[in-house]
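Examining the three-dimensional arrangement
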Amino acid sequence: MTVQSIRLFGDPVLRTPADPVVDFDAELRKLVADLTDTMREQSGAGLAAPQLGVGLRVFTFDVDDVLGHLVNPVLEFPDEEEQDGPEGCLSIPGLYFDTKRRQNVIAKGFSAFGDPMQIVGSGLMARCVQHETDHLDGVLFVDRLDPDGRKEAMKAIRQAEWYDQAVPPVVKFSPHLSNPFGLGR
């Protein structure tokens, strides 16, 4: 179990969809431990494997005193209720922008041992689960912003101390064409 370096905006691994986990072995459990240690060290609410440079569909979370992880998540939304509020990302440090998300989510997947799991969350937990699952799809929260918000976010990113101008920024539009905020997944 080790604290790892977090990949920052501009790193191509953050834009690459992660592969499903097929081996529920000691290596996966070490990855979950590293994700957890790194997330807690950075005081994050969640951390996805691509943020550590690992292209696998797994993330950890620490929300409202609930610490856990989910492998190969699939999201369901029990209703159409939305939330809009500040969201940040350990890969875009120090910047927060109001982001629309679904208020309630059901996430189904597996534990690091391959046991079926389900997370039912609302509010911050729902936001975290959606945010981390987006990472597994190569989507960053700034992609979910409206055009003006995205422009503001990109300006702030370019001005950030940590920003590497040698790596051209890539901003995607939501992959969910029917809803630019990706809320209909």
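Right above here is the structure, for reference.
Presented here is an overview of the structure given in this document. (Residues numbered from 1 in each chain as written. Predicted model: local features only at pLDDT ≥ 70, side-chain atom pairs only at ≥ 80, totals over all residues. Heavy atoms only, no water.)

Brief notes about the overall build of the protein chain
Note the following rule: Where helices and strands are cited, they refer to DSSP runs of H or I of at least four residues and of E of at least two residues respectively, numbered from the N terminus. In this scheme, a residue with accessible area under 20% of its type's maximum is buried, one over 50% is exposed, and one in between is partly exposed, where area comes from a 1.4 Å probe on protein chains only. Whether two residues are in contact is decided by their heavy atoms: any pair within 4.5 Å suffices.
When you go through the protein chain residue by residue, the secondary structure sums to 3 helices and 7 strands. In the protein chain, the order of α-helices and β-strands from amino to carboxyl end is α-β-β-β-β-β-β-β-α-α. Here the protein chain holds 185 residues, and 50% of them are scored as buried. Taking the contacts inside the protein chain whose residues are at least 6 apart along the sequence as the reference set, 66% of them involve residues at least 24 apart.

Structural notes on the environment of I92
Mapping I92 onto the fold places it in strand 5 (residues 92-102). Taking relative accessible area as the criterion, I92 reaches 0% and is therefore assigned buried. For I92 and F9, which are 83 residues apart along the polypeptide, the C-alpha to C-alpha distance reads 5.8 Å. Excluding anything up to four places from it in sequence, I92 contacts F9, L140, F141, V142, I157 and W162.

Some points on the sheet that holds strand 3 (residues 66-76)
Short version of the rule: Between any two strands, at least two bridges found by DSSP are needed for them to pair. Fitted lines through C-alpha atoms serve as axes, helices being fitted only where they are in contact, and the angles separating the N-to-C directions of these axes extend from 0 to 180 degrees.
Pairing within the open sheet is antiparallel, and its 5 strands lie in the order 1-2-3-6-7. Across the chains shown, the open sheet's two edge strands, defined by having one partner strand only, are strand 1 (46-48) and strand 7 (116-122). The sheet shows a mean angle of 40 degrees between the axes of neighbouring strands, direction not considered. Of the pairings in the sheet, the one linking strand 2 (residues 58-63) to strand 3 comprises 6 bridges and is antiparallel in character. Bridge pairing in strand 3 places F59 opposite L70. Sheet strands in contact with helix 1 (residues 26-41) are strand 1, strand 2 and strand 3, and its direction is about 40 degrees off that of strand 2. Taken strand by strand, helix 2 (residues 124-136) contacts strand 1, strand 2, strand 3, strand 6 (104-110) and strand 7, and its axis lies near 160 degrees from that of strand 2.

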